[in-house]
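# Reading the structure
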Amino acid sequence: MVVRHDHNAVLAHMVLKERLHLLGIVGCVLCIVGSTTIVLHAPQERAIESVKDVWVLATEPAFLMYALFVVALVLILIFHYVPQFGNSHVLVYITICSLMGSLSVMSVKALGIAVKLTLQGQNQLIYPQTSVFAMVVLICILTQMNYLNKALDTFNTAIVSPIYYVMFTSLTILASAIMFKDWDQQTAPQIITELCGFITILSGTFLLHATKDMGDAPAGLSSFIQPGKYTHT
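Rules of the game
- Residues numbered from 1 in each chain as written.
- Predicted model: local features only at pLDDT ≥ 70, side-chain atom pairs only at ≥ 80, totals over all residues.
- Heavy atoms only, no water.
- Helix = DSSP H or I, 4+ residues; strand = E, 2+ residues; numbered from the N terminus.
- Buried < 20%, exposed > 50% of the residue type's maximum accessible area, 1.4 Å probe, protein only.
- Areas by Shrake-Rupley, 256 points an atom, 1.4 Å probe, with all protein chains shown as cover.
- Phe/Tyr/Trp six-rings, centres within 6.5 Å; stacked < 30°, edge-to-face > 60°.
- Lys NZ or Arg CZ within 6 Å of the ring centre and 35° of its normal.
- UniProt positions renumbered as here; feature names shortened; annotations may be inferred.
- Bend = angle between axes of the 7 residues up to and from the residue.
- Contact = heavy atoms within 4.5 Å.
- Core = buried A, V, L, I, M, F, W, Y, C linked by side-chain atoms within 4.5 Å.
- Patch = residues over 30% accessible without salt bridge, like charges linked within 9 Å, V, L, I, M, F, W, Y side chains within 5 Å.
- Salt bridge = Lys/Arg side-chain N within 4 Å of Asp/Glu carboxyl O.
- pLDDT = per-residue confidence, 0-100.
- Arc of directions from axis to C-beta.
- Polar contact = N/O pair within 3.5 Å; in protein donor to acceptor, adjacent residues only side chain to side chain.

### What to know about the overall build of the protein chain
Summing up its helical and strand segments, the protein chain has eight helices and zero strands in all. Reading the helices (α) and strands (β) of the protein chain from amino to carboxyl end gives α-α-α-α-α-α-α-α. Sorting the 233 residues of the protein chain into buried and exposed places 38% on the buried side. When the accessible surface of the protein chain is split by element, carbon and sulfur atoms take 68% of a total near 13,600 Å².

### Some thoughts on the packing of aromatic side chains
What the rule picks out here adds up to five aromatic pairs. Lying over the aromatic face of Phe 180, Lys 109 brings its terminal NZ or CZ to 4.2 Å of the ring centre.

### Things to note about the UniProt feature "transmembrane region" (unreviewed entry) in the protein chain
Taken from the UniProt record, the annotation "transmembrane region" (unreviewed entry) applies to residues 20-42, 54-79, 91-113, 125-147, 159-180 and 192-211. Annotated as 87% helix and 0% strand, the span residues 125-147 places its first and last C-alpha atoms 31 Å apart. In residues 159-180, the share of helix is 100% and the share of strand is 0%. The end C-alpha atoms are 32 Å apart.

### Points about helix 4 (residues 61-85)
By the largest-angle criterion, Ile 78 marks the main kink of helix 4, which is about 40°. Each element contacted by the buried residues of helix 4 is listed here: helix 3 (51-58), helix 5 (90-119), helix 6 (128-154) and helix 7 (157-180).

### Topic: the nonpolar core
In terms of nonpolar packing, the biggest core is built from 40 residues, with Phe 63, Ile 96 and Met 179 touching the most fellow members. Mapped by element, the contributors of at least two residues to this core are helix 3, helix 4, helix 5, helix 6 and helix 7. When residues in this core are grouped by element, the largest group, 14 residues, is from helix 5. Not counting residues within four places of it along the chain, the set of residues in contact with Met 179 comprises Val 54, Leu 57, Ala 58, Phe 63 and Met 106.

### As for a nonpolar patch on the surface
A cluster of nonpolar side chains, namely Ile 25, Val 29 and Val 33, defines an oily patch on the protein surface of about 230 Å² accessible area. Within the secondary structure, Val 33 is located in helix 2 (residues 22-41).

### Looking at the confidence of the model for the protein chain
For the protein chain, the mean per-residue pLDDT works out to 78, and 77% of the residues sit at or above 70. Looking at the elements of the protein chain, mean pLDDT is at its lowest for helix 1 (residues 4-14), recorded as 46, and at its highest for helix 4, recorded as 94. Across residues 1-18, where pLDDT falls below 50, the model places 28 contacts with residues more than four positions away in sequence or in other chains. Confidence over residues 215-233 falls short of pLDDT 50; this stretch has 16 contacts with residues more than four positions distant or in other chains.

### Section: helix 3
Listed as buried for helix 3 are Val 51, Val 54, Leu 57 and Ala 58. Within helix 3, the buried residues cover an arc of 110° as seen down the axis, which keeps them to one side. N-capping of helix 3 is provided by Ser 50, with a side-chain oxygen placed 3.1 Å from the backbone N of Lys 52.

In structure tokens form, the structure reads like this:
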């Protein structure tokens, strides 16, 4: 997920023959460096032996409070702010998408664990918790896609994509930290390093989107120097 913009830029350069200029290359490098930093310092996931273990994590007070806050805020945005400000403020649609997306990622992770354990011979489909997670995924994704499409239809993609990427990724990391508590065993330097990697990815993503219309410019340092600009008279 964290390098999807990097992949898109490279594939566009190779397949669609779009020129990747110097700043675009720098953006890709920043995304790769940031992603590598996060992967190398990522916390170890706790062992999950059943979908019931995930259910216990999802029903702890801290995550329940987060989930209730998300649902309440989304309902307020949908029924109060969307009719008034949906077509004029890009953050309204994107906030709904990002909040619901953070819950959908947690539920998808639970479903992934259930499928993995089922394939290993431990049938998780018999538990009602698996069906609940599946319903949450369906509701969240439908809501997320609906308002993301509205945002893309109303606002410029160059504005929607980076803002959505930043908000969605940030809220997903927050939800994961609350639910799975993967960072409990990490030291402060490790956490700071991961945050620096995340900021590096955001910087690369912003650079890619902010300069994506410069694709026709020469991809080199010479593009920043006009011929004759520094000639002496």
